[in-house]
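# Observations on the model geometry
Here is how the chains run, residue by residue.
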Amino acid sequence: RVAALGDAAAREATATAADAALFDDAPDEFVDPILGTLMREPVLLPTSDTIVDRSVIVRCLLSDEIDPFNRKPLTEADLVPQPALKARIDAYVAEKRAAAAAAAAAAA
């Protein structure tokens, strides 16, 4: 069981590294300003008008319920989903993955 868990973690780390390389040219508006990673679920922080990835800000709010950009009170309930931006990010991800798959198929 422990070996299987280790194998799964190694596969996830490899996939994450591959994704980071694949999306390293992402438009700035798609990148989380806290961690510098591609956002998967962008949300607006209404207290600072900043868009961040939900998973990142939720982790921040677990330790302190404040907006990290201006120190104003903020809770998870205050977060405003950004579906239009999410759709553009999803389209970008699909396009990059399709291009990578086509390149891999051409090289094979």
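Scroll up a little and you will see the structure.
None of the values given here were measured: they were computed from a predicted structure.

A few words now on the overall build of the protein chain. Helix and strand counts for the protein chain stand at three helices and three strands. For the protein chain, the succession of helices and strands along the chain, N to C, is α-β-β-α-β-α. Looking at the protein chain residue by residue over its 108 residues, the buried ones come to 23%. Carbon together with sulfur atoms contributes 60% to the accessible area of the protein chain, which is approximately 6,900 Å² in total.

Hydrogen bonds between backbone groups are what pair the strands of a sheet, and the pairing can be parallel or antiparallel. With antiparallel pairing, three strands are arranged side by side in an open sheet as β2-β1-β3. Strand pairing shows two members of the sheet lacking a second neighbour, β2 (50–53) and β3 (80–81), which therefore form its edges. As defined by bridge partners, strand β1 (residues 42–45) adjoins β3 across two bridges and the pair is classed as antiparallel. Across the sheet, the residue bridging to valine 43 is proline 81, located in β3.

Here we come to unusual backbone geometry. Both trends apply: most residues other than glycine have a negative phi, and most peptide bonds are in trans. The backbone of aspartate 49 sits at a positive phi, close to 55°, despite the residue not being glycine. Among the secondary structure elements, aspartate 49 is positioned in the loop between β1 and β2. You can call aspartate 49 exposed: its relative accessible area is 62%.

Within the span of helix α2 (residues 54–63), buried status applies to Arg54, Val56, Ile57 and Leu61. Projected onto a plane normal to the axis of α2, the buried residues spread over an arc of 160° and lie on a single side. Seen from the open side of α2, the exposed residues pointing more than 90 degrees away from its buried face are Leu62 and Ser63. Next to the buried residues of α2 lie β1, β2 and β3.

Considering all chains together, one arrives at two aromatic pairs under this definition. Centroid distance phenylalanine 23 to tyrosine 92: 5.9 Å. Interplanar angle 50°. Geometry classified as tilted. Of this pair, phenylalanine 23 sits in the loop between α1 (2–22) and β1 while tyrosine 92 sits in helix α3 (residues 83–107), placing them 69 residues apart in sequence. In terms of burial, phenylalanine 23 and tyrosine 92 fall into one category: buried. The structure contains a cluster of three or more aromatic residues connected by ring pairs, namely Phe23, Phe30 and Tyr92.

What follows is about the pairing of β1. For β1 and β2, the ladder comprises four bridges, and the chain directions are antiparallel. Note on β2: the bridge partner recorded for valine 43 is valine 52. Between the end of β1 and the start of β2, which pair antiparallel, lie four residues, with aspartate 49 showing a positive phi angle near 55°.

Now for the pattern of salt bridges. Overall, the coordinates contain four salt bridges when judged by the stated rule. With its nearest N and O atoms 3.1 Å apart, the salt bridge here joins aspartate 25 to lysine 96. Of this pair, aspartate 25 sits in the loop between α1 and β1 while lysine 96 sits in helix α3, and the two are 71 residues apart along the sequence. Residue classification places aspartate 25 among the partly exposed positions, given a relative accessible area of 48%. Arginine 54 is paired through a salt bridge with glutamate 41; the nearest N and O atoms lie 2.8 Å apart.

Rules behind the numbers
- Residues numbered from 1 in each chain as written.
- Predicted model: local features only at pLDDT ≥ 70, side-chain atom pairs only at ≥ 80, totals over all residues.
- Heavy atoms only, no water.
- Helix = DSSP H or I, 4+ residues; strand = E, 2+ residues; numbered from the N terminus.
- Buried < 20%, exposed > 50% of the residue type's maximum accessible area, 1.4 Å probe, protein only.
- Areas by Shrake-Rupley, 256 points an atom, 1.4 Å probe, with all protein chains shown as cover.
- Pairing = 2+ DSSP bridges.
- Arc of directions from axis to C-beta.
- Contact = heavy atoms within 4.5 Å.
- Phe/Tyr/Trp six-rings, centres within 6.5 Å; stacked < 30°, edge-to-face > 60°.
- Salt bridge = Lys/Arg side-chain N within 4 Å of Asp/Glu carboxyl O.

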